[in-house]
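A closer look at the structure
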Amino acid sequence: MVVRHNLHRNVRILLVGDRGVGKTSLILSLVSEEFPEDVPPKSEEITIPADVTPELVPTNIVDYSAVEQSDMQLVEEVQRANVICVVYSVDDDDTMDRVTSYWLPFLRETLTHTHRCPVVLVGNKVDLVDYSTVDAAMEIMNDYKEVESFVECSAKTLNNISEMFYYAQKAVLHPTGPLYITDKQD
Ligand code: GTP
Ligand code: MG
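No experiment lies behind these values; they were computed from the predicted model shown.

1. A word on the coordination of the magnesium ion (ligand 2)
- Coordination of the magnesium ion (ligand 2) by the protein is provided by Thr-24 (OG1) and Pro-41 (O), with metal-donor distances spanning 2.1 Å. Taken as a pair, Thr-24 in helix H1 (residues 23-32) and Pro-41 in the loop between H1 and strand S2 (46-48) lie far apart in primary sequence, 17 residues in all.
- A relative accessible area of 6% means that Thr-24 is categorised as buried.

Rendered as structure tokens:
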């Protein structure tokens, strides 16, 4: 019999990605179930009590803002995280290119091998486009095995927002092989 011990007493989710991809909007949309029209540069840290999370584990959600934080503060947050959502905007190729030219290599450099930290790749703003970035995302997942899952979502329409945070929790609590989500909610 295999007994799995769950060592995580909480899950700390960090969102990173280029400016303007919608990190803060994603967090505020999740919390208020409504798209924030006026979005601050950085959300406060959000604590979600265990009983309202799908995996029943207390969850902290942490925003990153290049305007408000130094490179050193980013490194510290990366090292404290249990899972990192790397966000790009599906309507802006540059932000997706930066996932492989900057963000994933930066995370590899910053995370030592003693602190394995799964990544969820998040394509935000699907409300703006009528195509999917799944093919490019699959290539990224092939090249970077730390990417546990992929989700396309919209902070504006709330499409796949709760799923995004659920997949982040799941990447920590039940790490598996690659997985991706492209189904859109109505
Ligand atoms: P920085 O704090 O500068 O790093 O940016 P950010 O990643 O936190 O992005 P933010 O949430 O501030 O959103 C940037 C802009 O994109 C704002 O004008 C948002 O209203 C808009 N935005 C965010 N998410 C969506 C979305 O899903 N769809 C659309 N259409 N616009 C969005
Ligand atoms: Mg922000």
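There is more to say after this.
2. Describing the pattern of salt bridges
- Inspection of the entire model under this criterion finds five salt bridges.
- Of the charged contacts in the structure, one is a salt bridge between Arg-12 and Glu-45, with a shortest N-O distance of 3.0 Å. Of the two residues, Arg-12 sits in strand S1 (residues 11-17) while Glu-45 sits in the loop between H1 and S2, which places them 33 residues apart along the sequence.
- A relative accessible area of 8% places Arg-12 in the buried class.
- For Asp-18, the salt bridge is made with Arg-98, and the minimal N-O distance between the two is 3.0 Å.

3. Describing the packing of aromatic side chains
- Taken as a whole and assessed by the stated rule, the structure comprises five aromatic pairs.
- Between Trp-103 and Phe-106, the ring centres sit 6.1 Å apart and the planes meet at 85°, which makes this aromatic pair edge-to-face. Of this pair, Trp-103 and Phe-106 both sit in helix H3 (residues 93-110), three residues apart, which is roughly one turn of that helix. Each of the two residues, Trp-103 as well as Phe-106, counts as buried.
- Through a chain of ring-to-ring contacts, three or more aromatic side chains come together here, namely Tyr-64, Tyr-102, Trp-103 and Phe-106.

4. Brief notes about helix H4 (residues 134-143)
- Turning to H4, its buried residues number three or more, namely Val-134, Ala-137, Ile-140 and Met-141. Looking down the long axis of H4, one finds its buried residues gathered within 115° of arc, a one-sided arrangement. Turned more than 90 degrees away from the buried face of H4, the exposed residues are Asp-135, Glu-139, Asn-142 and Asp-143.

5. Concerning the environment of Arg-116
- Relative to the helices and strands, Arg-116 is located in the loop between H3 and strand S5 (119-124).
- Taking the C-alpha atoms as reference points, Arg-116 and Val-87, separated by 29 residues in sequence, lie 19 Å from one another.
- Contact partners of Arg-116, with chain neighbours within four places excluded, come to Glu-148 and Pro-175.

6. Here's the deal with the nonpolar core
- The biggest cluster of nonpolar side chains holds 30 residues, and the ones touching the most others in it are Ile-84, Val-86, Leu-104 and Leu-107.
- Top element by residues in this core is H3. It accounts for six residues.
- Apart from residues no more than four positions distant in its own chain, Leu-107 is found in contact with Val-78, Ile-84, Val-86 and Val-119.
- Leu-15, Val-21, Val-172 and Leu-173 belong to the second largest nonpolar core, which has 26 residues in total.

7. Concerning the site of ligand 1
- What surrounds ligand 1 is a group of 18 residues, the closest being Gly-20, Lys-23, Thr-24, Ser-25 and Asp-127.
- Interatomic distance of 2.9 Å between a backbone N/O atom of Ala-155 and an oxygen atom of ligand 1.
- In isolation ligand 1 offers 650 Å² of accessible surface; the protein chains occlude 82% of this area.
- A class-by-class count of the residues in the shell around ligand 1 yields six nonpolar, six polar and six charged.

8. Thoughts on helix H2 (residues 71-80)
- Among all positions of H2, only Leu-74, Glu-77 and Val-78 are buried. Buried positions in H2, seen along its axis, are confined to an arc of 100° and lie on one side of it. Looking at H2, the residues exposed on the side facing more than 90 degrees away from the buried face are Met-72 and Arg-80.
- On its buried face, H2 is in contact with S1, strand S3 (59-62), strand S4 (83-89) and H3.

Cut-offs and rules
- Residue positions are counted from 1 within each chain, in the order its sequence is given.
- Here the convention is simple: chains get letters from A, ligands get numbers from 1, in the order in which they are written.
- Selection of residues for local features in this predicted model requires a pLDDT of at least 70, selection of side-chain atom pairs for listing and counting requires 80 or more, and totals for whole chains, interfaces and linings are taken over all residues.
- To get the side-chain values, take all heavy atoms of the structure and skip hydrogens and water.
- As a rule, N, O and S atoms within 2.8 Å of a metal are its donors, except that Na, K and Ca use 3.2 Å; water is not among the atoms, so sites may look incomplete.
- A helix here means a DSSP run of H or I that spans at least four residues, while a strand means a run of E at least two residues long, and both kinds are numbered starting from the N terminus.
- Buried means the residue's accessible area, taken with a 1.4 Å probe over protein chains only, is under 20% of the maximum for its type, while exposed means over 50%, and partly exposed covers the values in between.
- Counted as salt bridges are all cases of a side-chain nitrogen of Lys or Arg within 4 Å of a carboxyl oxygen of Asp or Glu.
- For Phe, Tyr and Trp, where Trp contributes only its six-membered ring, two rings pair if their centres lie within 6.5 Å, and the inter-plane angle classes them as stacked under 30 degrees, edge-to-face over 60, or tilted in between.
- Picture the helix axis, draw a direction to every C-beta atom, and the arc is the one those directions span.
- Whether two residues are in contact is decided by their heavy atoms: any pair within 4.5 Å suffices.
- Throughout, nonpolar core names a set of buried Ala, Val, Leu, Ile, Met, Phe, Trp, Tyr and Cys residues whose side chains join them through atoms within 4.5 Å.
- Note on terminology: near, applied to a residue and a molecule or strand, indicates that one of the residue's heavy atoms is within 4 Å of it.
- Side-chain atoms alone can form a polar contact between residues adjacent in sequence; in general such a contact is a pair of N or O atoms within 3.5 Å, and within protein one must be able to donate a hydrogen while the other accepts it.
- Computed by Shrake-Rupley with a 1.4 Å probe, the accessible areas treat only the displayed protein chains as cover when residues are assessed.
- Side-chain classes are defined by residue name, with Ala, Val, Leu, Ile, Met, Phe, Trp, Tyr, Cys and Pro counting as nonpolar, Asp, Glu, Lys and Arg as charged, and the others, Gly among them, as polar.

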